[in-house]
Amino acid sequence: MSPNAHTRQPRLETLAVHAGAAPDPTTGAVMTPIYQTSTYAQTDVAQHKGYEYSRTDNPTRTALQTALAALEGGRHALAFASGMAAIDTLLRLLRPGDHILSGNDVYGGTFRLFDKVLAHYGLSFSFVDTADPAAVAAALRPNTRLVWLETPTNPMLRLSDIAAIAALAHPAGAWLGVDNTFASPALQNPLALGADFVVHSTTKYIGGHSDVVGGAIVLNDTPLYEQLKFLQNAIGAVPGPMDCFLTLRGIKTLALRMAQHCRNATQVARFLADHPAVAQVIYPGLESHPQYELARRQMAGPGGMISFLLYGGAAAARTVARQTRYFTLAESLGGVESLIELPAPMTHASVADSPLAVDPGLVRISVGIESADDLIADLAQALALC
Ligand code: P1T
């Protein structure tokens, strides 16, 4: 071990294995136990050891929150029962009359929460192309309290310049919240680029194995953290200890998995780009992506998500989605196994008939960590049927 091993800032690979993982004080257990308990014996009236009730705090959740904060280079993290629960709790920082400027390409469930739920509580929303900072500047209002974006977006994989948008939002008195689900903390750390909040659906790359649903908010500001911690307990959309354990277990291999997702997706994207049935491939790692340069600057790798359009349109898209073998036809993304879906009738059905509607022929794939050769052969046999 080098003499400065304990003073230098550890890298992501190391944080993923060690952050939040201190041997259990009672037994020395190396892995954080699943503290499957709802309550904790108190030594006297209102005297406890930091844990009083598991909605408020649970040691397995504490370990997960410590790990999540470290991965994003943030001071604080809070874990939630789902990505949607994290976003909903964050939006409770706002008050009736506040305006939210959101990207115009976001997960369908996020749009649904904004447009069909929170809009009834006195919040107003505008949806603009945050890939264009000038559009963000033009849409800011005196009562804009939050700028909200995904980068890369779901499902069009558009990028937004986080630092440029933070520089617009802050002087206007707005926070910047970034949903970093598609990049994962292995490829992009929005707090370092000026974001105030990072949100994850930990269901995806952070958990990594399609066996648990969860969400997270990571931030640096301590007073805002105190408010969010109050809301986490007051609302109660918390993950159970087993879910926290599974997410922690997934985190150990985040760096390895993301490297393989990026390698495989790059090969798959090149294959698709050369295929005669494919009209357009959208992948931040291809030079044809309109924000290829921003991807190289802002992200440590292009990620595992690809969207594409076929010359045969929606009918051909359905054929491909039905015929793949290793790409399972399913919603979600970011697990070790490859998935395929059509956003318009599936993950983004809730944006149909809105300005955010998605091309019905768009195919979205989450490229897993299998052999790239097998994945390409699988797509090739399905595309041959189009
Ligand atoms: O599913 P949940 O853990 O509640 O996370 C919601 C969510 C938030 N943000 C982004 C960018 C997302 O992609 C999601 C969930 N997305 C899918 C289920 C999907 O297939 O796109």
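Up top you'll find the structure we're talking about.
Quick summary incoming for the structure in this document. Since we're looking at a predicted model, the values are computed, not measured. (Residues numbered from 1 in each chain as written. Predicted model: local features only at pLDDT ≥ 70, side-chain atom pairs only at ≥ 80, totals over all residues. Heavy atoms only, no water.)

Some points on the sheet that holds strand 11 (residues 339-341)
This is how it is decided: Strand pairing is assigned whenever DSSP identifies at least 2 bridges connecting the two strands. Under the scheme used here, helices are H or I runs from DSSP no shorter than 4 residues and strands are E runs no shorter than 2 residues, and both carry numbers assigned from the N terminus. By definition in these notes, contact holds between two residues if any of their heavy atoms fall within 4.5 Å. The axes are straight lines fitted to the C-alpha atoms, using for helices just the contacting stretch, and the angles between their N-to-C directions are given from 0 to 180°.
The strand order across the open sheet built from 5 strands is 8-9-12-11-10, with neighbouring strands paired in mixed fashion. What marks the edges here is a single partner per strand, and that holds for strand 8 (278-282) and strand 10 (328-329). Strands in contact with helix 11 (residues 313-323) are strand 9 (305-310), strand 10, strand 11 and strand 12 (363-366); relative to strand 9, the strand with the most contacts, it is inclined by about 130°.

Looking at the packing of aromatic side chains
The line we're drawing: Classification of ring pairs uses Phe, Tyr and Trp, with its six-membered ring standing for Trp, and accepts pairs whose centres are within 6.5 Å; under 30 degrees between planes counts as stacked, over 60 as edge-to-face, and the remaining range as tilted. Only protein chains enter the accessibility calculation, which uses a 1.4 Å probe; a residue is then buried when its area is under 20% of its type maximum, exposed when over 50%, and partly exposed in between. By definition, being over a ring means that NZ of Lys or CZ of Arg is both within 6 Å of the ring centre and within 35 degrees of the ring normal.
Scanning the model with the defined rule gives 6 aromatic pairs in all. Ring geometry for phenylalanine 125 against phenylalanine 127: centres 6.4 Å apart, planes inclined by 15°, an arrangement best described as stacked. By relative accessible area, phenylalanine 127 is classed as partly exposed at 24%. A connected cluster of aromatic rings, assembled from ring pairs, spans Phe111, Phe114, Phe125, Phe127 and Trp148. A cation over an aromatic ring shows up here: arginine 145 above the ring of tryptophan 175, its NZ or CZ 5.2 Å from the ring centre.

So, the pattern of salt bridges
Inclusion rule: We define a salt bridge as a contact between a side-chain nitrogen of Lys or Arg and a carboxyl oxygen of Asp or Glu at a distance within 4 Å.
Counted by the stated rule, this structure contains 6 salt bridges. The partner of lysine 229 in a salt bridge is aspartate 57, and the shortest N-O contact between them spans 3.1 Å. In this pair, lysine 229 is assigned in helix 7 (residues 222-235) and aspartate 57 in the loop between helix 1 (12-18) and helix 2 (59-71), connecting sequence segments 172 residues apart. For the pair shown, lysine 229 and aspartate 57 are each scored as buried. A salt bridge links arginine 92 to aspartate 88; the shortest N-O distance between them is 2.9 Å.

Describing helix 12 (residues 372-383)
Counted only if it meets this: Expected span, for any helix, means 1.5 Å times one less than how many residues it has. Within this analysis, the arc is defined by the directions that extend from the helix axis to the C-beta atoms.
Under the 1.5 Å per step criterion, the end-to-end length of helix 12 is 16 Å for 12 residues, consistent within 8% with the ideal 16 Å. All of the buried residues in helix 12 are Ala372, Leu375, Ile376, Asp378, Leu379, Ala382 and Leu383. Looking straight down helix 12, one finds that the buried residues subtend no more than 155° of arc, so they occupy a single side. On its buried face, helix 12 sits against helix 9 (254-273), strand 8, strand 9, helix 11 and strand 12.

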